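# Notes for the structure review
Chain by chain, the residues run as shown.
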Amino acid sequence: MSRHSRLQRQVLSLYRELLRAGRGKPGAESRVRAEFRQHARLPRSDVLRIEYLYRRGRRQLQLLRSGHATAMGAFVSTRGPTEESPGAGAPGIPPDEGDGTRRPLDSMGVPKTAPDGR
């Protein structure tokens, strides 16, 4: 069995810390497990997305530890379609990236990467 990379060790540590911080908070442990399970199949080569998710998890950990969190739920946008700024794309589609193409977002709001890496 090969040794884990530094990033893998950081992600595993974050997972354990989130589970510990979520004890006693309704829905936290199952949410943490579901989030990590959802992204478990990310290719190791997709380092940018993994680092983004790692930073996002760190922020969630800070919120759980702050004492203000009583439960952990899904992030839901409260803006309706009429409140969006003009020129905004459809929900789940980020604005143009300069090359005229739009990429759909995954369930976490991260642009999906194409198989060719674009």
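Residues numbered from 1 in each chain as written. Predicted model: local features only at pLDDT ≥ 70, side-chain atom pairs only at ≥ 80, totals over all residues. Heavy atoms only, no water.

- Looking at an unreviewed UniProt entry, one finds the protein named Succinate dehydrogenase assembly factor 1, mitochondrial, with Physeter macrocephalus as its source organism.

## Re the packing of aromatic side chains
- Summed over all chains, the structure comprises one aromatic pair.
- Ring centres of Tyr 15 and Phe 36 lie 4.8 Å apart, and the angle between their planes is 65°; on these two criteria the pair is classed as edge-to-face. Highlighted residues: Tyr 15 in helix H1 (residues 6-22) and Phe 36 in helix H2 (residues 28-38), separated in sequence by 21 residues.
- Taking relative accessible area as the criterion, Tyr 15 reaches 24% and is therefore assigned partly exposed.
- Given the relative accessible area of 24%, Phe 36 is considered partly exposed. (Phe/Tyr/Trp six-rings, centres within 6.5 Å; stacked < 30°, edge-to-face > 60°. Helix = DSSP H or I, 4+ residues; strand = E, 2+ residues; numbered from the N terminus. Buried < 20%, exposed > 50% of the residue type's maximum accessible area, 1.4 Å probe, protein only.)

## Overview of H1
- Taking 1.5 Å of rise per residue, 17 residues should cover 24 Å, and H1 covers 24 Å from first to last C-alpha, within 8% of that figure.
- The set of residues buried in H1 consists of Leu 7, Leu 14, Glu 17, Leu 18, Leu 19, Ala 21 and Gly 22.
- Buried-residue contacts for H1 involve H2 and helix H3 (47-65).
- Note on H1: the residue one or two positions beyond its end, Gly 24, has a positive phi of about 85°. (Expected span 1.5 Å × (residues − 1). Contact = heavy atoms within 4.5 Å.)

## Quick word on the confidence of the model for the protein
- With 57% of its residues at a pLDDT of 70 or more, the protein has an overall mean of 75.
- Overall, residues 83-93 carries pLDDT values under 50, and its contacts beyond four positions in sequence, including any with other chains, amount to 12 contacts. (pLDDT = per-residue confidence, 0-100.)

## Looking at the nonpolar core
- Membership of the largest hydrophobic core is limited to eight residues, which are Leu 14, Leu 18, Leu 19, Ala 21, Val 32, Tyr 54, Leu 61 and Leu 64.
- Residue assignment for this core shows that the elements contributing at least two residues are H1 and H3.
- Of the residues forming this core, the biggest block, four residues, is contributed by H1. (Core = buried A, V, L, I, M, F, W, Y, C linked by side-chain atoms within 4.5 Å.)

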